[in-house]
Structures are given as structure tokens and as C-alpha cells.
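# Coordinate analysis (summary)
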Amino acid sequence: MPIKLKSILGLSFLLVGGCSQLHHVHIGDIDQSQGTLTPFTIKVNEFGFDAAKAAQIGAEVAKSSSTSEDLELVAFILTISNFGPKTGNPVYNDAYADEVLSEVIKACPSKKLTGLTSVREATNVGPVSGEVVRINGYCINTTQTN
Amino acid sequence: MKKLFLLLTVAMLSACTSSVHMSQVDVGSNSANELELGKVIEIEKSQKNILGFVYDTNYVDQAYKNLLLDCPNGTSMVNVEYLTNHGFLSWTDKIRIKAICL
């Protein structure tokens, strides 16, 4: 019975704990004097997974003490093997945000940009997350005068 | 057999994780903010950390100097990405700069 209660409590925390988290934001210059502005958004994301945290949760809800000990050892090995500063959950592809520059250029046919806002955020559900880089901005639509 | 499977799983999961801390795009403040689509350059500099001990602490300055050298007339757009590649009791901090030279 206590293990069942623990499992339910753990699952509830996972479900209730799903939330967005802002890590970093940068707002650039905004120029409204050149013409009307059309907003655009570029968003790239990658699957984030904290394997050590998942093993730790597994150790907490394991039925037998030997399994729990094994999973705690796994969590420890994963922690020391993935050492270093983390923003959100670790990802298995460090190049997922490499294309934002070319995507931003493609987003504006007029090639006139202003008000670029760069956001680094994540949507977390326990040890799993969507790690997101989002760029919001405006294309300047210049009016042609003769 | 079970332990071997567990060990292999751990080995696979512990390989090559990374964390992107920041990725920002900025446009230059030229008169009409018009992008002059010149040469796109890419610069990457890194520093190795072993248990928090580092030797080359000026990798960001080096990246900035390279940017100035590669784009002597300035840039119309810059993308800066700061990330970490994790490893066994060590990690590598990286700065990646992509820019459009004028």
C-alpha cells in the first residue's frame, strides 16, 4: 500500500509539474519609423531528457530494495558521466538551434528586420522536456513612393 | 545478462549530452535595418573544464576578435549561441557565432 501511494504521488507530481520555464530573454532595438511592421516567429525545439533524474524517480518507486539500489547506482553513474552546467534538461543534439539565423533571414522577404526578441525556454514534464529557442521579430514593410 | 543490459543502457544514455544556455539573434542598427546578404561566417571557440578547473578562459574574447578580423566592415546580423557539452567529470563550454558580414 505505501508503495502504491508513493507511485500515485510521484505520477501526480509528474503530471501537475508540467510547466513552461523561461531561461533567458534578449530584446533588441525596435524601429517603428520605417514603415508598417509584420510580426513573425521562428521556433526550434529538441527533446530534453534527464536520465539521472528518471533513474532517481525509478529508485524511489521501485518495489524491491535491490532494484532501488541498482537504480540509485545508475543515477550516480549518469550524473558523473554528464557533468557540467545545465539549462533545462540535457539534449542529445547540440546543433538544434544552428539554423535560427537562416530561418530568420528567410522569414522576411523584404530583408528589413527590427525588434528581434530571442527567448530560451522549456516545457517540462518531470525528467522529460521540450527545450525551445524562439525568435520573435518584425518585418518592416516599406511603402513605395514615386 | 540483466546487469550487462543495464550497463549498456547507462553507457548509451551517458554519451554526448549537451545543454544550450542561450541563442540570440541581433540585427545591426544601420539606417533602414536592411540586411545586406553578404558572406555568412561561422566562428566556434571552446574551453575544456575538468572538475571545474579551466586553462583557456579567454575563448569568448578570441571569438570576438575573430569576428572583427573576418568582418572588417562590420556585420548586419549576428547569432550568438552559448552551450555546454557534458562529459565524464568534465565538460566543454562553447561559443558559436554566426554573422553576416557587410
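It should be noted that the structure appears before, not after, this text.
The following paragraphs examine the structure supplied in this document.

The rules we used
Residues numbered from 1 in each chain as written. Chains lettered and ligands numbered in written order. Predicted model: local features only at pLDDT ≥ 70, side-chain atom pairs only at ≥ 80, totals over all residues. Heavy atoms only, no water. Core = buried A, V, L, I, M, F, W, Y, C linked by side-chain atoms within 4.5 Å. Buried < 20%, exposed > 50% of the residue type's maximum accessible area, 1.4 Å probe, protein only. Helix = DSSP H or I, 4+ residues; strand = E, 2+ residues; numbered from the N terminus. Pairing = 2+ DSSP bridges. Contact = heavy atoms within 4.5 Å. Axes fitted to C-alpha atoms, helices over the stretch in contact; angles between N-to-C directions. Salt bridge = Lys/Arg side-chain N within 4 Å of Asp/Glu carboxyl O. Buried area = accessible area lost by both parts, 1.4 Å probe. Polar contact = N/O pair within 3.5 Å; in protein donor to acceptor, adjacent residues only side chain to side chain. Nonpolar A, V, L, I, M, F, W, Y, C, P; charged D, E, K, R; others polar.

Core analysis: the biggest nonpolar cluster contains 22 residues, and Phe40(A), Val104(A), Leu116(A), Ile135(A) and Met77(B) have the highest contact counts within it. Secondary structure elements with two or more residues in this core: strand S2 (36-49), helix H4 (100-107), strand S3 (113-125) and strand S4 (128-141) of chain A together with strand S1 (18-27) and strand S4 (75-86) of chain B. With four residues, the top contributor of residues to this core is H4(A). If you look at the next biggest cluster of nonpolar residues, it comprises eleven residues, including Ile43(B), Ala63(B), Cys71(B) and Ala99(B).

Right, let's get into unusual backbone geometry. For residues besides glycine, phi is generally negative; the peptide bonds are generally trans as well. Residue and element names in this part refer to chain B. The phi dihedral of Leu 51 falls on the positive side, at around 50 degrees, and the residue is not glycine. Among the structural elements, Leu 51 can be located in the loop between strand S2 (40-50) and strand S3 (53-54). Its identity as a non-glycine residue notwithstanding, Leu 89 has a phi of 55 degrees, on the positive side. Tracing the backbone shows Leu 89 in the loop between S4 and strand S5 (90-101). Residue Leu 89 is classed as partly exposed on the basis of its relative accessible area of 28%.

Within a beta sheet, neighbouring strands are joined by backbone hydrogen bonds and run either parallel or antiparallel to one another. All names here are of chain B. Judged by pairing direction, the sheet is antiparallel, and its five strands sit side by side in the order S1-S4-S5-S2-S3 without closing on themselves. Lying at the two open borders of the sheet, with one neighbouring strand each, are S1 and S3. For S4 and S5, the ladder comprises eleven bridges, and the chain directions are antiparallel. Within S5, the residue paired with Asn 85 across the bridge is Thr 92. Each of S2, S4 and S5 touches helix H2 (residues 59-70); the most contacted strand, S2, lies at about 165 degrees to it.

As a further point, take the pattern of salt bridges. Using the criterion set out here, one finds eight salt bridges over all chains in the structure. The partner of Asp98(A) in a salt bridge is Arg96(B), and the shortest N-O contact between them spans 3.2 Å. One end of the pair, Asp98(A), is in the loop between helix H3 (65-81) and H4; the other, Arg96(B), is in strand S5, on a second chain. Accessibility assignment for this pair places Asp98(A) and Arg96(B) in one class, buried. For Arg96(B), the salt bridge goes to Glu81(B), with nearest N and O atoms at 4.0 Å.

Here the focus is the sheet that holds strand S1 (residues 19-27) of chain A. All names here are of chain A. Ordered in space as S1-S3-S4-S2, the four strands form an open sheet in which the pairing is antiparallel. Two strands close off the open sheet at either side, each with one partner strand: S1 and S2. Across the sheet, the axes of successive neighbouring strands diverge by a mean angle of 20 degrees, strand direction being ignored. Pairing between S3 and S4: eleven bridges, direction antiparallel. Along S4, the bridge assignment pairs Thr 123 with Gly 130. On top of the sheet, H4 reaches S2, S3 and S4; it is set at about 155 degrees to S2, its chief contact.

Attention now goes to the interface of chain A and chain B. The interface is formed by 44 residues belonging to chain A together with 45 residues belonging to chain B. Note on chain A versus chain B: buried area summed over both sides is about 3800 Å², and carbon and sulfur give 61% of it. Here chain A is connected to chain B by two salt bridges. Between Arg96(B) and Asp94(A) there is a salt bridge whose closest N-O contact spans 3.1 Å. Applying the counting rule to chain A against chain B returns 15 residue pairs in polar contact (both at pLDDT 80 or more). Looking at the side of chain A that touches chain B, the element that brings in the most residues is H3(A), giving six residues. When its residues are assigned to classes, the side of chain A that touches chain B shows 23 nonpolar, eleven polar and ten charged.

Another point: the side chain of Asp94(A). Residue position: Asp94(A) is located in the loop between H3 and H4. On the basis of relative accessible area, Asp94(A) is assigned to the buried category, the value being 18%. Apart from the residues within four sequence positions on either side, Asp94(A) is in contact with Ser18(B), Val20(B), Glu81(B), Leu83(B), Asn85(B), Lys94(B) and Arg96(B).

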